[in-house]
Amino acid sequence: MTGLFDIAGKVALVTGGSRGIGLMIARGFVEAGAKTYISSRKADVCAEVAAELSKTGTCIAIPADLGTEAGCRYLAEEMAKREERLHILVNNAGANWNAPLAEFPDDAWDKVMNLNVKGVFHLTRFLVPLLERAATDDDPARVINIGSIDGLQAPGFDTYAYSSSKAAVHHLTRHLAQKLAPSRITVNAIAPGPFESKMMAETLRRFGDSIRASNPLGRIGRPEDMAGTAIYLASKAGAYVTGVVLPVDGGMSTRHE
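Residues numbered from 1 in each chain as written. Predicted model: local features only at pLDDT ≥ 70, side-chain atom pairs only at ≥ 80, totals over all residues. Heavy atoms only, no water.

Within an unreviewed UniProt entry, the label attached to the protein reads NAD(P)-dependent dehydrogenase (Short-subunit alcohol dehydrogenase family), and the organism entered is Tepidiforma thermophila. Per its UniProt entry, the protein bears the Sequence similarities (unreviewed entry) comment "Belongs to the short-chain dehydrogenases/reductases (SDR) family." (UniProt positions renumbered as here; feature names shortened; annotations may be inferred.)

Caption draft 1: Representation of the sheet that holds strand β1 (residues 11-15). Sheet architecture is open: seven strands sit in the order β3-β2-β1-β4-β5-β6-β7, paired in parallel fashion. Looking along the sheet, the strands with just one partner apiece sit at the ends: β3 (59-61) and β7 (245-248). Taking the axes of each pair of neighbouring strands and ignoring which way they run, one obtains an average angle of 20 degrees across the sheet. Pairing geometry for strand β5 (residues 141-146) and strand β6 (residues 185-192), over six bridges, is parallel. Note on β6: the bridge partner recorded for V143 is V187. Sheet strands in contact with helix α1 (residues 20-31) are β1, β2 (35-39), β3, β4 (88-91), β5 and β6, and its direction is about 165 degrees off that of β1. Sheet contacts for helix α4 (residues 106-134): β1, β4, β5 and β6; angle to β4, the most-contacted strand, approximately 175 degrees. (Pairing = 2+ DSSP bridges. Helix = DSSP H or I, 4+ residues; strand = E, 2+ residues; numbered from the N terminus. Axes fitted to C-alpha atoms, helices over the stretch in contact; angles between N-to-C directions. Contact = heavy atoms within 4.5 Å.)

Caption draft 2: Broad picture of a positive patch on the surface. A grouping of R19, R41, K42 and K111 is seen on the molecular surface, where their side chains present a positively charged patch. Residue position: K111 is located in helix α4. The partly exposed category is assigned to K111, whose relative accessible area is 48%. (Patch = residues over 30% accessible without salt bridge, like charges linked within 9 Å, V, L, I, M, F, W, Y side chains within 5 Å. Areas by Shrake-Rupley, 256 points an atom, 1.4 Å probe, with all protein chains shown as cover. Salt bridge = Lys/Arg side-chain N within 4 Å of Asp/Glu carboxyl O. Lys, Arg positive; Asp, Glu negative; His and termini not counted. Charge placed at Lys NZ, Arg CZ, Asp CG, Glu CD. Buried < 20%, exposed > 50% of the residue type's maximum accessible area, 1.4 Å probe, protein only.)

Caption draft 3: Summary view of unusual backbone geometry. Unlike most non-glycine residues, R184 shows phi in positive territory, near 60 degrees. Within the fold, R184 resides in the loop between α5 (160-180) and β6. Classification of R184 by relative accessible area gives partly exposed; the value is 36%.

Caption draft 4: Structural context of the packing of aromatic side chains. Tallied over the full model, the rule gives two aromatic pairs. For the pair F104 and Y160, a centre-to-centre distance of 5.7 Å together with 80 degrees between the ring planes defines the contact as edge-to-face. Of this pair, F104 sits in the loop between β4 and α4 while Y160 sits in helix α5; the two residues are 56 residues apart in sequence, bridging distant segments of the chain. Counting every residue linked through ring pairs, the aromatic cluster contains F104, W109 and Y160. (Phe/Tyr/Trp six-rings, centres within 6.5 Å; stacked < 30°, edge-to-face > 60°.)

Caption draft 5: Broad picture of the nonpolar core. Counting 31 residues, the largest nonpolar core has L13, M79, L86 and L127 as the members making the most contacts within it. At the level of elements, β1, α3 (69-82), α4, β5, α5 and β6 are the ones that each hand at least two residues to this core. When neighbours within four sequence positions are excluded, M79 is seen to be in contact with L13, Y37, I62, L86, L127 and L130. Grouped together as the second largest cluster of nonpolar side chains are 30 residues, I7, V14, I88 and I231 included. (Core = buried A, V, L, I, M, F, W, Y, C linked by side-chain atoms within 4.5 Å.)

What follows is the structure, given as C-alpha coordinates:
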(Lines give C-alpha, C1' and ligand atoms only; values in the text may rest on other atoms or scores of the structure.)
Protein backbone atom coordinates (compact mmCIF):
# COMPACT_ATOMS: atom_id res chain seq x y z
CA MET A 1 0.00 0.00 0.00
CA THR A 2 3.01 2.30 0.00
CA GLY A 3 2.51 5.29 -2.29
CA LEU A 4 -1.20 4.68 -2.76
CA PHE A 5 -1.92 8.42 -3.02
CA ASP A 6 1.41 9.43 -4.57
CA ILE A 7 1.29 11.64 -7.70
CA ALA A 8 4.85 12.97 -7.47
CA GLY A 9 6.49 13.25 -10.88
CA LYS A 10 3.24 13.21 -12.84
CA VAL A 11 2.33 15.95 -15.30
CA ALA A 12 -1.05 17.62 -14.78
CA LEU A 13 -3.10 20.30 -16.50
CA VAL A 14 -5.81 22.14 -14.56
CA THR A 15 -8.05 24.48 -16.54
CA GLY A 16 -9.52 27.42 -14.69
CA GLY A 17 -6.61 26.84 -12.34
CA SER A 18 -6.08 30.43 -11.25
CA ARG A 19 -9.00 30.63 -8.81
CA GLY A 20 -11.70 28.75 -6.93
CA ILE A 21 -11.99 24.97 -7.30
CA GLY A 22 -9.26 24.88 -9.95
CA LEU A 23 -6.80 26.69 -7.72
CA MET A 24 -7.58 24.34 -4.83
CA ILE A 25 -6.78 21.36 -7.04
CA ALA A 26 -3.72 22.95 -8.66
CA ARG A 27 -2.26 23.86 -5.28
CA GLY A 28 -2.85 20.34 -4.02
CA PHE A 29 -1.16 18.83 -7.07
CA VAL A 30 1.85 21.14 -6.84
CA GLU A 31 2.34 20.46 -3.14
CA ALA A 32 2.02 16.71 -3.84
CA GLY A 33 4.92 16.89 -6.31
CA ALA A 34 3.15 16.94 -9.67
CA LYS A 35 4.41 19.23 -12.44
CA THR A 36 1.26 21.28 -12.86
CA TYR A 37 0.14 23.49 -15.73
CA ILE A 38 -2.71 25.93 -15.17
CA SER A 39 -4.77 27.74 -17.78
CA SER A 40 -7.25 30.61 -17.68
CA ARG A 41 -8.27 33.44 -19.99
CA LYS A 42 -6.47 36.23 -18.11
CA ALA A 43 -2.77 35.87 -18.83
CA ASP A 44 -1.59 38.17 -16.04
CA VAL A 45 -3.62 36.44 -13.35
CA CYS A 46 -2.59 33.01 -14.63
CA ALA A 47 1.10 33.96 -14.54
CA GLU A 48 0.78 35.49 -11.07
CA VAL A 49 -0.84 32.37 -9.63
CA ALA A 50 1.70 30.08 -11.31
CA ALA A 51 4.53 32.11 -9.77
CA GLU A 52 2.93 31.85 -6.34
CA LEU A 53 2.39 28.08 -6.59
CA SER A 54 5.94 27.58 -7.88
CA LYS A 55 7.21 28.57 -4.43
CA THR A 56 6.30 25.05 -3.28
CA GLY A 57 6.78 23.07 -6.50
CA THR A 58 6.47 23.42 -10.26
CA CYS A 59 3.58 25.35 -11.82
CA ILE A 60 3.47 26.74 -15.36
CA ALA A 61 0.87 29.08 -16.87
CA ILE A 62 -0.57 28.71 -20.38
CA PRO A 63 -3.43 31.21 -20.83
CA ALA A 64 -6.18 30.19 -23.26
CA ASP A 65 -9.85 30.82 -24.01
CA LEU A 66 -11.47 27.41 -23.73
CA GLY A 67 -14.89 28.69 -24.77
CA THR A 68 -13.89 28.11 -28.39
CA GLU A 69 -12.70 25.04 -30.29
CA ALA A 70 -9.70 27.05 -31.50
CA GLY A 71 -8.75 27.95 -27.93
CA CYS A 72 -8.92 24.31 -26.88
CA ARG A 73 -6.80 23.25 -29.83
CA TYR A 74 -4.27 25.98 -29.01
CA LEU A 75 -3.90 24.79 -25.41
CA ALA A 76 -3.49 21.17 -26.50
CA GLU A 77 -0.83 22.16 -29.03
CA GLU A 78 1.02 24.24 -26.45
CA MET A 79 1.02 21.29 -24.05
CA ALA A 80 2.38 19.03 -26.80
CA LYS A 81 5.25 21.47 -27.39
CA ARG A 82 6.24 21.24 -23.74
CA GLU A 83 5.47 17.64 -22.72
CA GLU A 84 5.66 14.20 -24.31
CA ARG A 85 2.88 12.89 -22.09
CA LEU A 86 0.09 14.12 -19.83
CA HIS A 87 -0.90 12.03 -16.83
CA ILE A 88 -3.77 14.14 -15.47
CA LEU A 89 -6.25 16.50 -17.12
CA VAL A 90 -8.65 18.43 -14.90
CA ASN A 91 -11.42 20.12 -16.88
CA ASN A 92 -12.50 22.78 -14.42
CA ALA A 93 -12.88 26.02 -16.42
CA GLY A 94 -16.51 27.10 -16.29
CA ALA A 95 -19.00 29.95 -16.33
CA ASN A 96 -22.31 30.65 -14.60
CA TRP A 97 -25.26 32.93 -15.30
CA ASN A 98 -28.20 33.88 -13.09
CA ALA A 99 -31.26 35.57 -14.56
CA PRO A 100 -35.04 35.23 -14.13
CA LEU A 101 -36.75 32.68 -16.36
CA ALA A 102 -38.61 35.27 -18.44
CA GLU A 103 -35.46 37.31 -18.98
CA PHE A 104 -32.78 34.63 -19.41
CA PRO A 105 -30.66 35.74 -22.42
CA ASP A 106 -29.96 33.44 -25.33
CA ASP A 107 -26.31 34.42 -25.50
CA ALA A 108 -25.89 33.33 -21.86
CA TRP A 109 -26.80 29.79 -22.89
CA ASP A 110 -24.15 29.88 -25.60
CA LYS A 111 -21.46 31.26 -23.30
CA VAL A 112 -22.12 28.72 -20.54
CA MET A 113 -22.57 25.69 -22.78
CA ASN A 114 -19.58 26.52 -24.98
CA LEU A 115 -17.20 26.67 -22.04
CA ASN A 116 -18.74 24.20 -19.60
CA VAL A 117 -19.59 21.40 -22.04
CA LYS A 118 -18.02 21.91 -25.46
CA GLY A 119 -14.77 23.08 -23.86
CA VAL A 120 -14.54 19.85 -21.87
CA PHE A 121 -15.25 17.78 -24.97
CA HIS A 122 -12.85 19.58 -27.29
CA LEU A 123 -9.91 19.84 -24.90
CA THR A 124 -10.19 16.20 -23.88
CA ARG A 125 -10.26 14.91 -27.45
CA PHE A 126 -7.36 17.11 -28.51
CA LEU A 127 -5.27 15.86 -25.56
CA VAL A 128 -5.99 12.15 -26.03
CA PRO A 129 -2.62 11.52 -27.76
CA LEU A 130 -0.68 12.96 -24.80
CA LEU A 131 -2.87 11.08 -22.33
CA GLU A 132 -2.38 7.81 -24.22
CA ARG A 133 1.39 8.20 -24.02
CA ALA A 134 1.18 8.53 -20.24
CA ALA A 135 -1.19 5.60 -19.74
CA THR A 136 -0.25 2.09 -18.60
CA ASP A 137 -2.31 -0.92 -17.55
CA ASP A 138 -1.43 -0.40 -13.89
CA ASP A 139 -1.56 3.39 -13.93
CA PRO A 140 -4.03 4.83 -16.42
CA ALA A 141 -4.02 8.45 -17.49
CA ARG A 142 -6.78 10.43 -15.77
CA VAL A 143 -9.39 12.91 -16.90
CA ILE A 144 -11.23 14.62 -14.04
CA ASN A 145 -14.20 16.77 -15.02
CA ILE A 146 -15.65 19.26 -12.57
CA GLY A 147 -19.43 19.04 -12.50
CA SER A 148 -21.70 20.25 -9.70
CA ILE A 149 -24.39 19.04 -7.35
CA ASP A 150 -26.57 21.47 -9.34
CA GLY A 151 -26.27 18.92 -12.13
CA LEU A 152 -27.60 16.20 -9.81
CA GLN A 153 -30.65 18.05 -8.51
CA ALA A 154 -32.42 21.27 -9.45
CA PRO A 155 -30.92 24.28 -7.66
CA GLY A 156 -32.96 27.00 -5.99
CA PHE A 157 -31.41 29.73 -8.12
CA ASP A 158 -32.15 30.91 -11.67
CA THR A 159 -29.00 29.31 -13.11
CA TYR A 160 -30.73 27.34 -15.84
CA ALA A 161 -27.81 27.10 -18.25
CA TYR A 162 -25.29 26.27 -15.51
CA SER A 163 -27.23 23.40 -13.96
CA SER A 164 -28.07 21.99 -17.39
CA SER A 165 -24.43 22.24 -18.44
CA LYS A 166 -23.23 20.38 -15.36
CA ALA A 167 -25.75 17.59 -15.90
CA ALA A 168 -24.36 17.36 -19.44
CA VAL A 169 -20.80 17.20 -18.06
CA HIS A 170 -21.79 14.29 -15.85
CA HIS A 171 -23.21 12.33 -18.76
CA LEU A 172 -20.33 13.27 -21.04
CA THR A 173 -18.03 11.90 -18.33
CA ARG A 174 -19.74 8.51 -18.50
CA HIS A 175 -19.67 8.48 -22.29
CA LEU A 176 -15.98 9.39 -22.48
CA ALA A 177 -15.15 6.86 -19.75
CA GLN A 178 -16.62 4.09 -21.89
CA LYS A 179 -14.91 5.31 -25.05
CA LEU A 180 -11.44 5.90 -23.56
CA ALA A 181 -11.17 2.87 -21.27
CA PRO A 182 -9.51 0.73 -23.98
CA SER A 183 -6.83 3.45 -24.23
CA ARG A 184 -6.21 3.10 -20.48
CA ILE A 185 -7.64 6.54 -19.73
CA THR A 186 -10.10 6.89 -16.87
CA VAL A 187 -12.70 9.66 -16.89
CA ASN A 188 -14.47 10.72 -13.71
CA ALA A 189 -16.32 13.79 -12.48
CA ILE A 190 -16.31 15.59 -9.16
CA ALA A 191 -19.61 17.27 -8.30
CA PRO A 192 -18.78 19.95 -5.72
CA GLY A 193 -21.27 21.42 -3.34
CA PRO A 194 -20.66 24.87 -1.83
CA PHE A 195 -17.02 25.90 -1.59
CA GLU A 196 -15.44 29.29 -0.99
CA SER A 197 -14.86 30.64 -4.50
CA LYS A 198 -15.44 33.77 -6.56
CA MET A 199 -18.38 32.08 -8.31
CA MET A 200 -19.98 31.27 -4.94
CA ALA A 201 -18.96 34.44 -3.08
CA GLU A 202 -22.23 36.38 -3.46
CA THR A 203 -24.37 33.31 -2.76
CA LEU A 204 -22.41 32.55 0.40
CA ARG A 205 -22.57 36.18 1.49
CA ARG A 206 -26.36 36.21 1.21
CA PHE A 207 -27.26 32.64 2.09
CA GLY A 208 -24.17 31.16 3.77
CA ASP A 209 -25.80 30.58 7.16
CA SER A 210 -28.79 28.74 5.70
CA ILE A 211 -26.54 26.70 3.38
CA ARG A 212 -24.44 25.59 6.36
CA ALA A 213 -27.56 24.80 8.35
CA SER A 214 -28.96 22.61 5.55
CA ASN A 215 -25.68 20.73 5.03
CA PRO A 216 -25.61 17.38 6.87
CA LEU A 217 -21.97 18.01 7.83
CA GLY A 218 -22.80 21.58 8.81
CA ARG A 219 -20.08 23.43 6.92
CA ILE A 220 -18.80 24.79 3.62
CA GLY A 221 -16.20 22.80 1.68
CA ARG A 222 -12.52 23.48 2.36
CA PRO A 223 -9.63 23.53 -0.13
CA GLU A 224 -8.21 20.28 1.25
CA ASP A 225 -11.56 18.53 0.63
CA MET A 226 -11.32 19.29 -3.07
CA ALA A 227 -7.58 18.73 -3.41
CA GLY A 228 -7.81 15.42 -1.58
CA THR A 229 -10.58 14.12 -3.83
CA ALA A 230 -8.68 15.06 -6.98
CA ILE A 231 -5.47 13.49 -5.69
CA TYR A 232 -7.37 10.28 -4.90
CA LEU A 233 -8.74 10.09 -8.45
CA ALA A 234 -5.31 10.93 -9.92
CA SER A 235 -3.32 8.43 -7.85
CA LYS A 236 -2.96 4.65 -7.72
CA ALA A 237 -5.82 4.64 -5.20
CA GLY A 238 -8.23 5.64 -7.98
CA ALA A 239 -6.75 3.58 -10.81
CA TYR A 240 -9.77 1.25 -11.12
CA VAL A 241 -12.40 3.98 -10.89
CA THR A 242 -13.94 5.33 -14.10
CA GLY A 243 -17.30 6.74 -15.20
CA VAL A 244 -18.11 7.94 -11.68
CA VAL A 245 -19.71 11.22 -10.66
CA LEU A 246 -18.52 11.82 -7.10
CA PRO A 247 -20.37 14.40 -5.00
CA VAL A 248 -18.10 16.36 -2.64
CA ASP A 249 -20.75 18.30 -0.80
CA GLY A 250 -20.99 17.26 2.86
CA GLY A 251 -24.05 15.19 2.04
CA MET A 252 -26.16 17.96 0.50
CA SER A 253 -27.10 15.92 -2.57
CA THR A 254 -28.64 13.26 -0.32
CA ARG A 255 -31.34 15.69 0.78
CA HIS A 256 -34.45 16.09 -1.37
CA GLU A 257 -36.69 18.40 0.63
